[in-house]
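Read off the chains here:
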Amino acid sequence: MADSQTLKQLVLGRKDVQDLSDTEHDLPPDLMTVNMGPSHPAMHGTVRIVLTVDGERVVKSDVHPGYLHRCFEKESEYATYTQIFPYTDRLNYVSPMINNCGWAMVTEKLMGLTSLIPKRAEYIRVIVSEMSRITDHLTCVGASAMELGAFGPFLFFLKAREWLYELLEKVSGARLTHTYVRVGGVSKDLPDNFAADLTHTLDETVKVMVEVEQMLNGNKIFRDRMAGIGAMTREEAIASGCVGPIARACGVDYDVRKDYPYSVYPEVEFDVPLGTTGDCLDRYLVRIEELKQSISILRQCLKQIPDGRIMVDDPRCSLPPKKDTYNTIESMIRHFKHIVDGIKIPAGEAYAFVEGGNGELGFFVVADGTGRPYKAYCRSPSFVHLSTAGQLIQDHLIADIVPIFGMINMIGGECDK
Amino acid sequence: MGVEITTTRLEDAAKWAKSSMLEKATNWGRKFSLFTYPFVTACCGMEFMSVAGPKYDLARFGAEFPRFSPRQSDLLMVVGTVTEKQGPAVKRIFDQMAEPKWVIAFGVCASTGGFYQNYHTMPGVDQVIPVDVYIPGCPPRPEQVLDALILLMDRIQSGRGHSQLRDKREQLIAASHDEG
Amino acid sequence: MAQKVLDSLTAQHAAAIEHTESQHGDEIAWVKRDQLLAVATWLKTDPTMLFDAPVFCTCIDRLDWRPLGVPPSQAWTEDKPRFEVCYQLRSVTHRYRLRLKISVPESDPHVPSLAGLWPAFNWQERETFDMYGIRFDGHPDLRRIYLYEEFVGYPLRKDYPKEKRQPLVRRDDLPMNPIKVAREHK
């Protein structure tokens, strides 16, 4: 008591400090409202969090998304089904091929073509989807590690991601927003020597992953900042609609590729990693393990891929060969009608979903018989996960918001559509 | 007094020959030590990460370290789509930056709105702030970004960034008021 | 895919279900608005159903619904309700999927909120309110989520023009526009 008295005398510079008690004249514990965003260093998306903090501890939070609302649904009502593929690319822009595949799946479901897609096209879709999933996880883990101060893993993962971008550029023509998949198949065949290039890239990526795992997995700083932060129980995860790596980290065994298999996923073997506690460290470990599983899927697909057509042989949705388009009037008219009017899909509605980088990415489409959808809704996992963010950062420090937000992997384009 | 707004690289080079040594030295220092504020919103952010990454290295141009505070940066890179909701935030960040400051509109969404023409997308960030260099592309290749950065550096060297021109204009106005 | 879901639903809540259908492998049940909470609670808690995972909540605006290739009686007319609020649910244990649809007239766009049963619908109902103007009774915090508070109108309704912007930042007074300033000070 005497020591704290002399300390107070020194600090406050007053002689009558014995009248001051510890509780009365300390700094008043008011809550402070702080604004985080919409422009903030986290590389994932633009979102605004209004925090009410007590010192460093978050008491209340209010998350404001919508700073990247680019009106996917309204634009879709004015675009043909094939013209919507670029819009879907920009939904989850770190794994764009998966969004393309999801949109193709829902249009094929509405037309009844799901079982008629050629095997080679399905394998190509799975190959590029898994490559996109790898880029998604590399970006998420790399950026999160950088935000925690580990700049090295970010650069190594970017290096690996560049190799994948180059390969995807050889396949589709663009590094990031591919617009590669079409209704009924894919637009171009795989380039020459693709299997050898991809195998070499996967070997190099595995080496990079091993290096980063050695840097991060046993790193005390990384573990202290990630373990026990932002935990969620299994029931909370299910009731909040969480899917994907976040739900799997809580122990929810839900992977669309296993539970509602689509495309050629029944023919490849892979495991679904599950976590236990649902904290940030489990989410990170689940993502790293999913990277390894994706690499294994890719190796199997490269062995199993057959030869054949890459687009279903159905004049309702496929363009005629260029030779016919230039030489016969019927093919030219068919080409013209497909481009200008769009693929006519009979009236009805369907919901189709794929396993995106963040979980169940679904499209709910209401078709009305014309070439443009009547309504196209995207069920985005990032939106649902962001809605849990407010509850996850409760009672954590401000510094814990960084790993929580990073491991949720909220992609702005997908969240705000 | 004709103050040209758009120039060509040849004109920039000719003007460089006429500027003073101090101005040349200051601009040389400014162009090789750009502190970027990457205002990242959307998909172009991925390409910005690639540009700042090890393969297409942004650091060799001096623009290495992103300063995530407008008070400490001088190059605002608006990366990705700007929406109407985001407009006040962009404007405020631009206003908070100290002169001289430059703006790069990275990607076609920040330049003109891209292929988004709807009730929420701002048709280009130059609706609310002046832009020095526009980079088209959806997303632009990293080589395009480096080309744009070199173009901006040439502009800075010749003193023709919007902020530098504003400064010169104000000096000319003040000088003409003194005379008159 | 699972017709027995629809069968047991109609058996249990015959008065609340208007009709059911199965389209492209999805089960759809049309529910009366005032019975929605009862049906949803039964779907969540009953051991044969156990729909514990929410998938999405959205709305369809049938104002321009004139589909091709179907009889013209299926097109929308003024006497039919304009909005259809859709909820998609999933059962983790039984692996069922179900879509609930509630018809909502334009004059009375109110639907009981399911945010108390499934927390995921909290934000999704806010999104539906933001885009379509459907009010969810009993929602803890119904306000706009994607758009700003100053926005007037509900943009995903069919009568809202796509390109009608409502800018927050004034565009006509740009003091930093160099061309404008140069001309003024000539």
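Calculation rules
- Residues numbered from 1 in each chain as written.
- Chains lettered and ligands numbered in written order.
- Predicted model: local features only at pLDDT ≥ 70, side-chain atom pairs only at ≥ 80, totals over all residues.
- Helix = DSSP H or I, 4+ residues; strand = E, 2+ residues; numbered from the N terminus.
- Expected span 1.5 Å × (residues − 1).
- Buried ≥ 20, exposed ≤ 12 C-beta atoms within 10 Å, placed from the backbone.
- Domains from an automatic or database assignment.
- Pairing = 2+ DSSP bridges.
- Contact = placed C-beta atoms within 7 Å.
- Core = buried A, V, L, I, M, F, W, Y, C linked by C-beta atoms within 7 Å.
- Axes fitted to C-alpha atoms, helices over the stretch in contact; angles between N-to-C directions.
- Parallel < 35°, antiparallel > 145°, perpendicular 65-115°, else oblique.
- Nonpolar A, V, L, I, M, F, W, Y, C, P; charged D, E, K, R; others polar.
- Left-handed = near helix turned anticlockwise from the far one by under 90°.

### What to know about helix H6 (residues 142–157) of chain B
Residue and element names in this part refer to chain B.
- Between its first and last C-alpha atoms H6 spans 22 Å; for 16 residues at 1.5 Å apiece the expected length is 22 Å, and the two agree.
- Considered for burial, the residues of H6 that qualify are Pro-142, Val-145, Ala-148, Leu-149, Leu-152, Met-153, Arg-155, Ile-156 and Gln-157.
- One or two residues past the end of H6 sits Gly-159, with phi positive at roughly 75°.

### Observations regarding the domain arrangement of chain A
- With domains assigned, chain A is organised as domain 1 (1–28) and domain 2 (73–416).
- Put simply, the middle of domain 1 of chain A and the middle of domain 2 of chain A, counted by C-alpha atoms, are 60 Å apart.

### Quick look at the pairing of strand S7 (residues 359–367) of chain A
Residue and element names in this part refer to chain A.
- A large share of S7 lies buried, amounting to nine of its nine residues.
- Relative to S7, strand S6 (residues 348–356) runs antiparallel, the two being bridged by nine bridges. Bridging from a neighbouring strand, Tyr-351 pairs with Phe-364 of S7.
- Where S6 folds back on S7, the antiparallel hairpin that results is connected by two residues.
- Relative to strand S8 (residues 375–379), S7 runs antiparallel, the two being bridged by five bridges. Bridge pairing in S8 links Gly-362 to Arg-379.

### Structural notes on the interface of chain C and chain A
- The partner chain A presents 33 residues to the 29 residues of chain C that form the contact.
- Of all the secondary-structure elements, those providing two or more residues to the side of chain C that touches chain A are strand S3 (53–61) and helix H3 (120–132) of chain C.
- If one sorts the elements of the side of chain C that touches chain A by residue count, S3 of chain C sits on top with six residues.

### Considering the nonpolar core
- Counting 212 residues, the largest nonpolar core has Ile-404 of chain A together with Val-78, Ile-104 and Phe-106 of chain B as the members making the most contacts within it.
- In terms of residue count, the dominant contributor to this core is helix H5 (residues 119–147) of chain A (14 residues).
- Contacts of Val-78 of chain B, omitting those with residues within four sequence positions, involve Phe-39, Val-90, Val-103, Ala-105, Phe-106, Ala-110 and Val-125 of chain B.

### Quick notes on the environment of Gly-159 of chain B
All names here are of chain B.
- By the element assignment, Gly-159 lies in the loop between H6 and helix H7 (162–179).
- On a C-alpha basis, the gap between Gly-159 and Phe-35 in space is 18 Å, while along the polypeptide they are 124 residues apart.
- Non-local contacts of Gly-159, meaning those with residues more than four positions away in its chain, are made with Ser-19, Glu-23, Asn-27 and Gln-164.

### A look at the packing of helix H3 (residues 44–52) of chain B against H6 of chain B
All names here are of chain B.
- The geometry of H3 relative to H6 is characterised by a closest axis approach of 9 Å and an angle of 70° between their N-to-C directions. Looking at the two axes, H3 sits roughly perpendicular to H6. Across the interface between the two elements, Glu-47, Ser-50 and Val-51 of H3 pack against Pro-142, Val-145 and Leu-146 of H6.
- Its residues assigned to classes, the contact of H3 with H6 comprises four nonpolar, one polar and one charged.

### Description of unusual backbone geometry
- Residue Glu-99 of chain B is joined to Pro-100 of chain B through a cis peptide bond whose omega torsion reads -10°.
- Among the secondary structure elements, Pro-100 of chain B is positioned in the loop between helix H4 (87–96) and strand S3 (102–106).
- Cys-138 of chain B connects to Pro-139 of chain B through a cis peptide bond whose omega is -10°.
- The backbone phi angle of Thr-179 of chain A is positive, close to 55°, even though this residue is not glycine.
- The residue Thr-179 of chain A is located in the loop between helix H6 (151–172) and strand S4 (181–182) in this model.
- You will see that Asp-395 of chain A, though not glycine, has its phi angle at about 65°, which is positive.
- As for its position among the elements, Asp-395 of chain A is in the loop between helix H15 (381–392) and helix H16 (398–408).

### Focus on the sheet that holds S6 of chain A
All names here are of chain A.
- Here three strands make up an open sheet; going across it, the order is S6-S7-S8 and the pairing antiparallel. Looking at strand neighbours, the two that pair on one side only are S6 and S8, the edges of this open sheet. Recorded for the sheet is a direction-independent mean angle of 15° between the axes of neighbouring strands.
- Sheet strands touched by helix H4 (residues 96–111): S6 and S7. Its angle to S6, the strand with the most contacts, is close to 150°.

### Some points on the packing of H15 of chain A against H3 of chain C
- At a minimum axis distance of 9 Å, the contact between H15 of chain A and H3 of chain C shows a crossing angle of 115°. Note on packing geometry: the crossing formed by H15 of chain A with H3 of chain C is right-handed. Contacts from Phe-383, Val-384 and Ser-387 of chain A in H15 of chain A reach Ala-120, Asn-122 and Trp-123 of chain C in H3 of chain C.
- Classifying every residue of the contact of H15 of chain A with H3 of chain C gives four nonpolar, two polar and no charged.

### Description of H6 of chain A
- With 22 residues, H6 of chain A ought to run about 32 Å at 1.5 Å a step, and its terminal C-alpha atoms sit 31 Å apart, in line with that.
- Among the residues of H6 of chain A, those classed as buried are Pro-153, Phe-154, Phe-156, Phe-157, Leu-158, Ala-160, Arg-161, Tyr-165, Leu-167, Leu-168, Val-171 and Ser-172 of chain A.
- If you follow the buried residues of H6 of chain A, they end up packed against H5 and helix H7 (194–216) of chain A together with H3 of chain B.
- Positive backbone phi, at 105°, marks Gly-173 of chain A, one or two positions downstream of H6 of chain A.

### Topic: the pairing of strand S2 (residues 75–79) of chain B
All names here are of chain B.
- For S2, the buried fraction is high: five of the five residues fall into the buried class.
- Residues Leu-75, Met-77 and Val-79 point to one face of S2 and Leu-76 and Val-78 to the other, with burial holding for every one of them.
- Of the strand pairs in this sheet, strand S1 (residues 36–40) and S2 are connected by five bridges, and their pairing is parallel. Residue pairing across strands places Val-40 opposite Val-79, the latter belonging to S2.
- Of the strand pairs in this sheet, S2 and S3 are connected by five bridges, and their pairing is parallel. Its bridge partner being in S3, Leu-76 is matched across the sheet by Val-103.

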